[in-house]
Amino acid sequence: MGKLVIPGDLLLNKPVRNPYTYIKDEKTFAAVVGMFDEQQSKFMPIKASYLPSLRDSVIGMIEEEKPIGYGVNLFSPYHGLLSSKSLRTTFNVGDIILAEVFEISEVKDIWLSRPMKLVGGEIIDVSPTKISRVIGKHSSMLNVLKAGTGSNILVGKNGLIWIKGGDVPKAIDAIQKIVREAHTSGLTDRIMNYLNVTPEMLEKFQRAPQREFY
Amino acid sequence: MVMVIDELKKDAIRELIKNGKRDDERGFSDYREISIKTNVISAAEGSADVRIGKSRVIAGVKLEVVEPFLDRPTEGTLTVNADLLPTAHETFEEGPPSEESIELARVVDRGIRAAEAVDLKSLFIEEGKVWGVFVDIYTIDHDGNLLDTAALAAVAALQTMKVPEYKDGKIVRENLTPKPLITIPTQCTFAKIGKEIIIDPTYAEELVADARITYCVGDNMLYAIQKAGSGSFSKEEIISLLDKSFEQRKYLLSLLNKL
Amino acid sequence: MGGNSDVPLIVNGKRLDGRKMDELRPITIEAGVLNRATGSAYLTWGKNKVLAAVYGPREVFPKHETNLYGSVVRCRYMMAPFSTEEHGRAGPNRRSREISKVMREAFENIIIKEVYPKTAIDIYVDILEGQGSTRVAGLTAAAVALANAGIPMKDIPIGVSVGKIENQIAVDMMKEEDNFGQADIPLAIAPASGEIILLQMDGKMTREEFVYALDLAYAKVDEIREKQINALREFFKKSSAAVENEQDNSGLNTIEQQSEPIQQSSEESDAGNEASRNEDSGY
């Protein structure tokens, strides 16, 4: 499974690049508190701020109208920017959007594309390092969540999760459980149990065209 | 006059230091030229104008009659202040004291106070009245190591201080009695650049330094230490620099004993 | 520092609180005590009570302080007006500003600033009750708060003080020893490298006494570090569930495969969002 490591703990005897570790004397050390699985060489930070990557989906709030377009609050150390050039719709300050990171400038301005306005629903905020767990391999976990709650769920790599329709409290509850148990294995099965999702239900859900109710 | 811009010298200095050399061809354990002039301000009861290389500090000592501290009713008081004047460097701004100036004043004060250099007990006048010694450090030109320049100026000014007479409730500044220090503390500042350590850094060397450490010592006695900067020191380095401070003391004392 | 011999600091070989010369006061540390701050820690050390909070990495205000290539580290140490026997004035003073500076410099040594350029990491250390050696207690707490906040660091530093009372070298100076002792040395050590990142001294000590004092400080590093590690471990236990393990590690990212930040590859994760994306405007 793994053990809790703290900054300065040795992880590997060879150098590996990763923003949550550092290299010294050709060895890799933890830079943040996290769970380290030595056998599988996996490191999951407990908490860390979002670092953008190209093609990340993120959820944010329109914060400012600018000459170039819009400033977007991503609730992370860096801001998003939307260029109005290729936009088909206009936005208002306060609008919540889902967008994709299409360029990261040298000074970490996050240029966004393909914005989609999200109306209603509820937003929760988890550590960006737990997001991949909420999604699961090939969206396996996300599908379990959707199948078990009937909700529409959109996940931002910056840690924001948008939930609408279906049983929202149940979805939030299940996501909190995932976040708490993120460092463990067998989690997908446990969440399926938790939400009473059978393998058949899941298969049916995955094969069926995604019902979109907004 | 042609001046080379210090900020542009950073890489050159790093290279030099790595190769065991300094920009002004000094050794790693050499001070720049030091000059000390005392009694330069006649309105003050003690004063000194000290230069280390191109750094220059004027220290003035004024004595006033004050109330003693409650827990030391028969002792004089000592207050050390420092002003990093905008005069001294383009990066010194007007306004409330910067943390650098606060640190400088407190470090210089600490060394003198811990050494008990000033004979405070002899500054008692009468009940409720003692001499308050006010040392003000005016930095007027900054080319690095203001700490040692200021410490030397403060000590030199105090060493040549003269106490006025207090008679019939009035200060008579015409009648002065010399009051040399009972101990003379000496202070040394070192800068660490990469793995090398040099004494008495210039401004350009300070820009490149990862860390700095200052020792105030007496005869076989350590009075104060202040480490600054985001670099680190090993325990061995800390001890070895203390030894270097004792070595330098002989030289610095020889300058102060000439006053 | 006074060396005032009117106040006895050692009675029958013991210090005023019954400790031996090489004994630390009791230390407790709790991590993640605040809701709003990114990371936090509450520490008691003898009668000292310290609250450390960390915000960041976050946008830098005022903007002109921004560093394009790394984080700017800022630190504020303050003693609350009610923290000492005499009422103190609120707000920073010369002493607290100097302490803030040396603390900040210690943290600048161990925080890996390149990970989040153009951001600020703000460290707030508040002494709620002060009883000797508050700056090293504050640093020890802030180190835990930084780890709790997920700020990338090389190491978790510890703070400790050593000094001289009645000609004997002692560790962990309490208030009376600070005030009436013969020398006081606050330090911070980065355990991984063994290097000193904060060091001040005030008083009268021979070279031999100083070397002995340094050694004594180093001897206490592990004991203090244990407390920090336990605090982080307890926080983890509280905020996660310890569940028995199996094989399925889907979602955990292999440290090997990444040459870039820990994220799943785009196809895997975006599949979830893609399906809902067919609308092109709000709904």
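Residues numbered from 1 in each chain as written. Chains lettered and ligands numbered in written order. Predicted model: local features only at pLDDT ≥ 70, side-chain atom pairs only at ≥ 80, totals over all residues. Heavy atoms only, no water.

Caption draft 1: Highlighting the environment of C:E226. As for its position among the elements, C:E226 is in helix α5 (residues 221-239). In the structure, C:E226 is positioned 94 residues away from C:G132 in sequence and 21 Å away in space, judged by C-alpha atoms. (Helix = DSSP H or I, 4+ residues; strand = E, 2+ residues; numbered from the N terminus.)

Caption draft 2: Representation of the packing of aromatic side chains. Under the counting rule described, the total for this entry stands at five aromatic pairs over all chains. Ring geometry for A:Y22 against A:F29: centres 5.4 Å apart, planes inclined by 20°, an arrangement best described as stacked. Each member of the pair, A:Y22 together with A:F29, is buried. Taking 6.1 Å as the distance between ring centres and 80° as the angle between the ring planes, the aromatic pair formed by B:F190 and B:Y215 counts as edge-to-face. With B:F190 in strand β9 (residues 186-193) and B:Y215 in strand β11 (residues 211-218), this pair connects stretches of sequence that are 25 residues apart. (Phe/Tyr/Trp six-rings, centres within 6.5 Å; stacked < 30°, edge-to-face > 60°. Buried < 20%, exposed > 50% of the residue type's maximum accessible area, 1.4 Å probe, protein only.)

Caption draft 3: The interface of chain B and chain C, seen in detail. The interface is formed by 38 residues belonging to chain B together with 30 residues belonging to chain C. A buried area of about 3,100 Å², summed over both sides, lies between chain B and chain C, and 50% of it is on carbon and sulfur atoms. The largest per-residue losses of area from chain B upon contact with chain C belong to B:E99, B:K227 and B:K235, which jointly make up 19% of the total buried on that side. Our count for the chain B to chain C interface comes out at seven salt bridges. Among the salt bridges present, the one from C:R207 reaches B:D243, with a minimum N-O distance of 2.6 Å. Counting only elements with at least two residues in the side of chain B that touches chain C, the list comes to β4 (77-84), α2 (99-114), β12 (221-228) and α5 (235-257) of chain B. In this sheet, strand β11 (residues 195-205) of chain C lies alongside β12(B) in antiparallel orientation, the contact comprising four bridges. Paired with B:I225 across the strands is C:M201, a residue of β11(C). (Contact = heavy atoms within 4.5 Å. Buried area = accessible area lost by both parts, 1.4 Å probe. Salt bridge = Lys/Arg side-chain N within 4 Å of Asp/Glu carboxyl O. Pairing = 2+ DSSP bridges.)

Caption draft 4: Fine view of empty space enclosed by the protein. Residues and elements named next belong to chain B. A complete count under the given rule lists five cavities of 30 Å³ or more for this structure. Counted as a void, the largest cavity has a volume near 110 Å³. A151, L152, P185, T186 and Q187 are the residues nearest the centre of the largest cavity, which is lined by 13 residues in total. If you list the elements that add at least two residues to the lining of the largest cavity, you get α2, α3 (146-159), β9 and α5. For the lining of the largest cavity, the element with the most residues is α3, which contributes four residues. The residue inventory of the lining of the largest cavity, partitioned by class, reads ten nonpolar, two polar and one charged. (1 Å grid on protein atoms, 1.4 Å probe; cavity = no way out; pocket = protein on both sides within 12 Å on 5 of 7 lines; lining within 4 Å. Points joined across faces, edges and corners; volume = space filled by probe spheres on them. Nonpolar A, V, L, I, M, F, W, Y, C, P; charged D, E, K, R; others polar.)

Caption draft 5: Structural view of the side chain of B:E75. Of note, B:E75 is situated in the loop between β3 (55-66) and β4. Residues contacting B:E75, with those up to four places away along its chain left out, are B:P68, B:L120, B:K121 and B:V130.

Caption draft 6: Up close: the packing of α2(B) against helix α1 (residues 94-110) of chain C. Between α2(B) and α1(C), the shortest axis-to-axis distance is 9 Å and the interhelical angle comes to 105°. Between α2(B) and α1(C), the interaxial angle falls into the category roughly perpendicular. Contact residues: α2(B) offers B:E99, B:I102, B:E103, B:A105, B:R106, B:V107 and B:R110, while α1(C) offers C:R94, C:R95, C:R97, C:E98, C:K101, C:V102 and C:R104. Of the residues in the contact of α2(B) with α1(C), the class split is four nonpolar, no polar and ten charged. (Axes fitted to C-alpha atoms, helices over the stretch in contact; angles between N-to-C directions. Parallel < 35°, antiparallel > 145°, perpendicular 65-115°, else oblique.)

Caption draft 7: View of the pattern of salt bridges. Counting across every chain of the model gives 53 salt bridges over all chains. In this structure, the salt-bridge partner of B:K192 is B:E237, at a minimum N-O distance of 3.0 Å. Of this pair, B:K192 sits in strand β9 while B:E237 is found in helix α5, placing the two residues 45 residues apart along the sequence. Here the two residues B:K192 and B:E237 agree in accessibility, since each one is buried. Salt-bridge contacts for C:K238 lead to C:E30; the nearest nitrogen and oxygen are separated by 3.9 Å. A residue pair is termed long-range when its members are at least 10 positions apart, and C:K238 in helix α5 and C:E30 in strand β3 (residues 27-31) qualify at 208 residues. Among the residues examined, C:E30 registers a relative accessible area of 41% and is labelled partly exposed. If you follow the salt bridges from partner to partner, you end up with B:R22, B:D24, B:R26, B:R32, B:D143, B:D200 and B:E205 in one network.

Caption draft 8: Spatial organisation of the confidence of the model for chain C. All names here are of chain C. Of all residues in chain C, 83% attain a pLDDT of 70 or more, and the chain-wide mean is 86. Of the regions scoring below 50 in pLDDT, residues 256-272 engages in 46 contacts with residues more than four places distant in sequence or in other chains. Segment residues 274-283: pLDDT under 50, and 29 contacts once partners within four positions in sequence are set aside and those in other chains are kept. In the model output, the complex is listed with pTM 0.88 alongside ipTM 0.87. (pLDDT = per-residue confidence, 0-100.)

Caption draft 9: Expanded view of the sheet that holds strand β4 (residues 27-30) of chain A. All names here are of chain A. Spatially, the three strands line up as an open sheet ordered β2-β4-β3, and their pairing is antiparallel. Looking at which strands have only one partner, the edges of the open sheet turn out to be β2 (10-12) and β3 (21-24). Going from strand to strand, the sheet's axes swing by 45° on average, the running direction of each strand aside. In this sheet, β4 lies alongside β3 in antiparallel orientation, the contact comprising four bridges. In the strand pairing of β4, I23 is matched with T28.

Caption draft 10: The arrangement of the nonpolar core in detail. Counting residues in each nonpolar core, the largest one holds 140 residues, and the members touching the most others are B:V108, B:I137, B:Y215, C:F107, C:I111 and C:I123. In terms of residues, this core owes the most to one element, α3(B), which gives eleven residues. In this view, B:V108 contacts B:V80, B:I137, B:L147, B:A150, B:A151, B:A154 and B:Q187; residues no more than four positions away in its chain are not counted. Core analysis: the next-biggest nonpolar cluster, separate from the first, contains 32 residues, A:Y20, A:A30, A:A99 and A:L112 among them. (Core = buried A, V, L, I, M, F, W, Y, C linked by side-chain atoms within 4.5 Å.)

Caption draft 11: Looking closely at the state of the cysteines. All names here are of chain B. Applying the stated criterion across every chain yields a total of zero disulfides over all chains. Free cysteine: C188, not disulfide-bonded; nearest cysteine sulfur from C216 at 9.3 Å. Exposure remark for C188: the relative accessible area of 1% places this residue in the buried category. (Disulfide = S-S within 2.5 Å.)

Caption draft 12: Expanded view of the sheet that holds strand β14 (residues 160-164) of chain A. Residue and element names in this part refer to chain A. The three strands are arranged β12-β14-β13 in an open sheet whose pairing can be described as antiparallel. Of all strands in the sheet, those with a lone pairing partner are β12 (122-125) and β13 (152-155), marking the two edges. Across the sheet, the mean angle from the axis of one strand to that of its neighbour is 20°, orientation sign disregarded. Across the sheet, helix α3 (residues 168-180) touches β12, β13 and β14, and the angle it forms with β14 is around 150°.

Caption draft 13: Layout of the packing of helix α2 (residues 140-149) of chain A against helix α5 (residues 199-207) of chain A. Residues and elements named next belong to chain A. One can describe the packing of α2 onto α5 by two numbers: an axis separation of 10 Å at closest approach and a directional angle of 100°. The angle between α2 and α5 falls in the class roughly perpendicular. Every residue of α5 that contacts α2 at N143, V144, K146 and A147 is listed here: M201, L202, F205 and Q206. Here the contact of α2 with α5 is built from residues that sort into five nonpolar, two polar and one charged.

Caption draft 14: How the structure looks around unusual backbone geometry. With an omega of 0°, the peptide bond between C:G56 and C:P57 qualifies as cis. For C:P57, the location among the structural elements is in strand β5 (residues 48-59). Residue C:F61 is joined to C:P62 through a cis peptide bond whose omega torsion reads 0°. The backbone of B:N39 sits at a positive phi, close to 55°, despite the residue not being glycine. Looking at where B:N39 falls in the secondary structure, it is placed in the loop between β1 (34-38) and β2 (46-52). Even without glycine at this site, C:K118 takes up a positive phi of about 70°.

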